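Structural description and commentary
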Amino acid sequence: MIKKLTSLIVFIAVLVSVNAQEKSFAQYFTPDQKYLMLPVKNGAPKKNMEIWVDGVLTRYFDIELADAQPDWYAYLKVDQWKGKPVEVRVDKLAATSKAFSTIRQSSLDTNTNAYGESIRPQFHFSPKRGWVNDPNGMVYFNGAYHLFYQHNPYGRAWGNMTWGHAVSKDLLHWEHLDDAIHPDQGGTIFSGGAVVDSFNTSGLATDGKPAMVAFHTGAKGWAQYMSWSTDGVNFQTWDKAVVPRVNKENRDPKVIWYAPTKKWVMVFWVERGDNEQHSMQFYTSPDLKNWTATSTVMGGIGKDRYLFECPEFYELPVQGMTGVKKWVLTGANTEYAVGTFDGTTFTPEETKLQQQYGRDFYAPQTFSDEPTGRRIELGWWRTKTGIGSSSFEHSMSIPLEHKLVKTASGIRLTRTPVKELEQLRGPVHFNKKTISLSTAKQNFDIMDMELGEFKFELIPGKASQVIMNFRGLELVYDAAAKELVADGVKAPVTPVNGKLTLHVFMDRTGLEVFVNDGLVFMPVNVNLDPANRTVNFSTKAGKATVNKFEAYELKSIYK
Ligand code: FRU
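Residues numbered from 1 in each chain as written. Predicted model: local features only at pLDDT ≥ 70, side-chain atom pairs only at ≥ 80, totals over all residues. Heavy atoms only, no water.

1. As for unusual backbone geometry
With glycine set apart, most residues show a phi of negative sign, and most peptide bonds adopt trans. Even without a glycine there, the phi angle at Lys 352 is positive, about 50°. Tracing the backbone through its elements, the reader meets Lys 352 in strand 23 (residues 346-353). Take Lys 352: its relative accessible area is 40%, and that puts it in the partly exposed class. In this model, His 394 sits at a positive phi of 80°, which is unusual for a non-glycine residue. When you line up the elements, His 394 lands in the loop between strand 26 (392-393) and strand 27 (395-396). Owing to a relative accessible area of 4%, His 394 belongs among the buried residues under this scheme. (Helix = DSSP H or I, 4+ residues; strand = E, 2+ residues; numbered from the N terminus. Buried < 20%, exposed > 50% of the residue type's maximum accessible area, 1.4 Å probe, protein only.)

2. A word on the site of the ligand
What surrounds the ligand is a group of 13 residues, the closest being Asp 134, Gln 150, Trp 158, Arg 251 and Asp 252. Here an oxygen atom of the ligand and a side-chain polar atom of Gln 150 are 2.6 Å apart. Contact between the ligand and Asp 252: an oxygen atom at 2.6 Å from a side-chain N or O atom of the residue. A total of 320 Å² of accessible area belongs to the ligand in isolation, and the protein chains cover 91% of it. Elements supplying a minimum of two residues to the shell around the ligand: strand 8 (130-141) and strand 16 (250-258). Broken down by class, the residue content of the shell around the ligand amounts to six nonpolar, three polar and four charged. (Near = heavy atom within 4 Å. Polar contact = N/O pair within 3.5 Å; in protein donor to acceptor, adjacent residues only side chain to side chain. Areas by Shrake-Rupley, 256 points an atom, 1.4 Å probe, with all protein chains shown as cover. Nonpolar A, V, L, I, M, F, W, Y, C, P; charged D, E, K, R; others polar.)

3. Structural notes on the packing of aromatic side chains
Counted by the stated rule, this structure contains 37 aromatic pairs. Taking 6.2 Å as the distance between ring centres and 75° as the angle between the ring planes, the aromatic pair formed by Tyr 362 and Trp 380 counts as edge-to-face. Placement of Tyr 362 in strand 24 (residues 361-366) and of Trp 380 in strand 25 (residues 375-381) is noted, with a sequence separation of 18 residues between them. For Trp 380, a relative accessible area of 5% gives the class buried. Taken together, the aromatic side chains of Tyr 258, Phe 282, Phe 313, Trp 327, Phe 341 and Phe 346 make up a single cluster linked through ring pairs. A cation sits over an aromatic face here: Arg 120 above Phe 392, 3.7 Å from the ring centre. In this arrangement the basic side chain of Arg 425 is found over the ring face of Tyr 552, its NZ or CZ atom lying 4.1 Å from the centre. (Phe/Tyr/Trp six-rings, centres within 6.5 Å; stacked < 30°, edge-to-face > 60°. Lys NZ or Arg CZ within 6 Å of the ring centre and 35° of its normal.)

4. Topic: the confidence of the model for the chain
Summary statistics for the chain give a mean pLDDT of 93 and a share of 95% for residues scoring 70 or more. Note on residues 1-18: pLDDT under 50 across the span, and zero contacts to partners over four residues away in sequence or across chains. (pLDDT = per-residue confidence, 0-100. Contact = heavy atoms within 4.5 Å.)

5. Looking at the sheet that holds strand 33 (residues 473-478)
Spatial ordering of the open sheet is given by 35-34-33-32-39, a layout of five strands whose pairing is antiparallel. At either margin of the open sheet sits one strand with a lone partner, and together these are strand 35 (489-492) and strand 39 (535-540). Across the sheet, the axes of successive neighbouring strands diverge by a mean angle of 15°, strand direction being ignored. Where strand 32 (residues 465-470) meets strand 39, six bridges bridge the pair, whose relative direction is antiparallel. Looking at strand 39, one finds that Ile 467 is bridged to Ser 538. (Pairing = 2+ DSSP bridges. Axes fitted to C-alpha atoms, helices over the stretch in contact; angles between N-to-C directions.)

6. Focus: the sheet that holds strand 19 (residues 292-301)
The strand order 16-17-18-19 describes an open sheet built from four strands, whose pairing is antiparallel. The sheet is open, and its two borders are formed by strand 16 and strand 19, each paired with just one other strand. Strand after strand, the sheet turns through a mean of 20° between neighbouring axes, direction not considered. In this structure, strand 16 lies alongside strand 17 (residues 263-272), joined through seven bridges in antiparallel fashion. Along strand 17, the bridge assignment pairs Lys 254 with Val 267.

Structure representation (structure tokens):
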């Protein structure tokens, strides 16, 4: 008993002394520059920060505030509050903390070695700093592709969900813009899609300029909200939810225009019952503001994540079936259904299909209003970039084009790299019609390549394994298992007439592998050894052949 009492006293004493060393900080200022720089130390304890403008709580977030030397600075845009009294508050900071003395205004957003880090992927979208997960609001508007994304601007771990924003003319080079939609009374801003209201059904156009209208989940009450912009940069949020919570958790509204009925269609994920039943809920609307529930498609239960989170829904013509079009419904894990849609109800014909066998490719979305009529996708790729003092974490996949094709097993989705990627090709690095592979290492003369693209046909022949070594990462075709394997990631692949067609993209952060014209997509996130810039192929037990081998060194998007 006495022993217990002593330990209790010690415990209380520690608490008191900790409290005695901590205090709340507040700082007042009047913005006269564009940004406020906030010092971040990766892994430091999270502190709640509040920004009060004119006495109104306007931003709130947690931040791994650096008490001493920061790893990097987060940039909070403040010039919209020019001339107004702004107060920055933080609760319970060590009394000795230097954090507040380093907070300062800046006219430019220039800190850190942005884009120069050794871990920065060189042809994949990644946030300038902070954390990224799902792509959001993907839409072509006023001559540019707009990519919004789940973003933590104040740390490189998940949190403070805000819509980050970037634009591109070519899907490769991205201009980073200021964050578009910030947490508000509805909570942090979770995923969703965006459309251009070309016919002004919402009445939100100004001076004849149509609005870009974005839909997102408020993570406090799981309702669906709407924000819009006519300049593509500044957003306003509708003052109430457009779709209140249906049941339990629901989120990730994706909106499309259905021309035959001249109505908008919203699809989002709803959890049902007490057994974590996943489902996709459909609504329709004449004007983007008033929505009516129409139908539901059931997915998996619990860990069976078929039709869980982040729906994507669109129609495509089927290659090889003249005049036939089908609808595709997917969830975040990319399992999909193919079927028909009448404007209110999706009727699946084939369900729980999969094309993507990679690691950590999740929650992809496609562009609305794409000017060439293609269905182009970006997926969140959990590349391993949040290491050391790096200021950012994760990236997107390369842009992928979706197609539906007729196959012997049914109608299937393919993903292939968009044509725009060819602009990154340097001169052909290596080009050979036929290469015979054996157990001896084939060197190919590819000795110094950091970023690459490889296209070839592989005839495994009698080889039990074909080992394709990309800068130390082995992509192995296993003939007995009919599998491609890399770093434990496995994809089933079937040679057609004895051959596989392979298309491989190699960045610092891993490989994206496409097989048989996109019937299989296999992204493998491995940080490649900076010291290894060689590519070579060989076999185990038997000979194989590589035909039509093309290798291109790729240019960095930052050069
Ligand atoms: C998928 C997801 C979404 C959600 C978002 C939150 O990765 O969980 O369902 O809207 O991330 O960041």
